[in-house]
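Observations on chain architecture
Spelled out from the first residue to the last, the chains are:
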Amino acid sequence: AFLRLAEGALDRSAAELRVVRPDGSTVWARAHIAAVRARDGTLRYTVSHVEDVTERHEHEAELRASEERYRTLVENSPSVVMRFDRQLSALYVSPALEQIAGLPPEAVTEAGSAVFLLGEEGPRWAQALQTVFDTGRRLEREWELTLNGQRYWFQSRAVPELGDDGE
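This part takes up the layout of surface pockets. The volume enclosed by the largest pocket comes to roughly 940 Å³. Around the largest pocket, the lining is made up of 31 residues, and of these Met 82, Arg 83, Arg 157, Ala 158 and Val 159 lie nearest the centre. When contributions to the lining of the largest pocket are tallied by element, the ones reaching two or more residues are strand 4 (82–84), helix 2 (96–101), helix 4 (122–135) and strand 7 (150–158). Looking at which element gives the most residues to the lining of the largest pocket, the answer is helix 4, with 6 residues. Looking at side-chain class alone, the lining of the largest pocket contains 18 nonpolar, 6 polar and 7 charged residues.

As C-alpha cells, this is what we get:
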C-alpha cells in the first residue's frame, strides 16, 4: 500500500510519489486515501485511489526551466528591466539599476513608483506608462532621470503585458 492511515491520523490524506515501473521508467502518482468509520468512530476500512500526474510534473519542470532561463537573462542584462502595475507601482526592477545608478532595486520596488516620477520627466514618464496601459501599444522614448544627484539619460521601451483575459 502506498499510504496507510495511522490510528489518530486525519481521516483524509494525499501524497505525491515517484513510482518506478518494472521496466525502469518512472511516473508520478498522486495517491488519495480516506477513512470510512463506524458510527462509534472506529475505523472500518479505507478507500483510496491513485492517479497519474506525470504530465503535470513534466509541465511544471518545463516551466521552472523556462523561468530560470528568463531570470538568468534579465538579471544579467546590462539593461534595466522593470515591471509596473496599473497604479504605476514598480513590481520588479532588475539588478542593472544598481550597476548603472547605484540604486538597489529594492529601493524602487519598496517605494513603488515615487522614485521614477520625481523631477521634470516624472509626470511625462507616468503619462507614457499610463498610455501603454490605456492603449495596449508599446512606446519608445528617451528620458532623463536624476538619481542621487546624477543625471541619466535612458532609451526606454514600454510594452504591455496582457493577462489571460486580454487586459
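Now that the structure has been shown, the text picks up again.
A word on the pairing of strand 2 (residues 26–37). Sheet topology note: the strand 1 (residues 12–20)/strand 2 ladder contains 9 bridges and is antiparallel. Within strand 2, the residue paired with Val 19 across the bridge is Val 27. Turn length for the strand 1-strand 2 hairpin, with the two strands adjacent in sequence and antiparallel, is 5 residues, and the turn residue Gly 24 shows positive phi of about 95°. Across 9 bridges, strand 2 lies against strand 3 (residues 43–52) in antiparallel orientation. If you follow Arg 37 over to strand 3, its bridge partner there is Leu 43.

When you line up the elements, Ala 101 lands in helix 2. With relative accessibility at 7%, the residue Ala 101 sits in the buried group. Counting along the chain gives 46 residues from Ala 101 to Leu 147, while the straight-line C-alpha distance between them is 6.7 Å. The residues contacting Ala 101, other than those within four sequence positions of it, are Leu 147, Asn 148 and Tyr 152.

Rules used in this analysis
- Residues numbered from 1 in each chain as written.
- Predicted model: local features only at pLDDT ≥ 70, side-chain atom pairs only at ≥ 80, totals over all residues.
- Heavy atoms only, no water.
- 1 Å grid on protein atoms, 1.4 Å probe; cavity = no way out; pocket = protein on both sides within 12 Å on 5 of 7 lines; lining within 4 Å.
- Points joined across faces, edges and corners; volume = space filled by probe spheres on them.
- Helix = DSSP H or I, 4+ residues; strand = E, 2+ residues; numbered from the N terminus.
- Nonpolar A, V, L, I, M, F, W, Y, C, P; charged D, E, K, R; others polar.
- Pairing = 2+ DSSP bridges.
- Buried < 20%, exposed > 50% of the residue type's maximum accessible area, 1.4 Å probe, protein only.
- Contact = heavy atoms within 4.5 Å.

What is shown is where atoms sit, not what they do.
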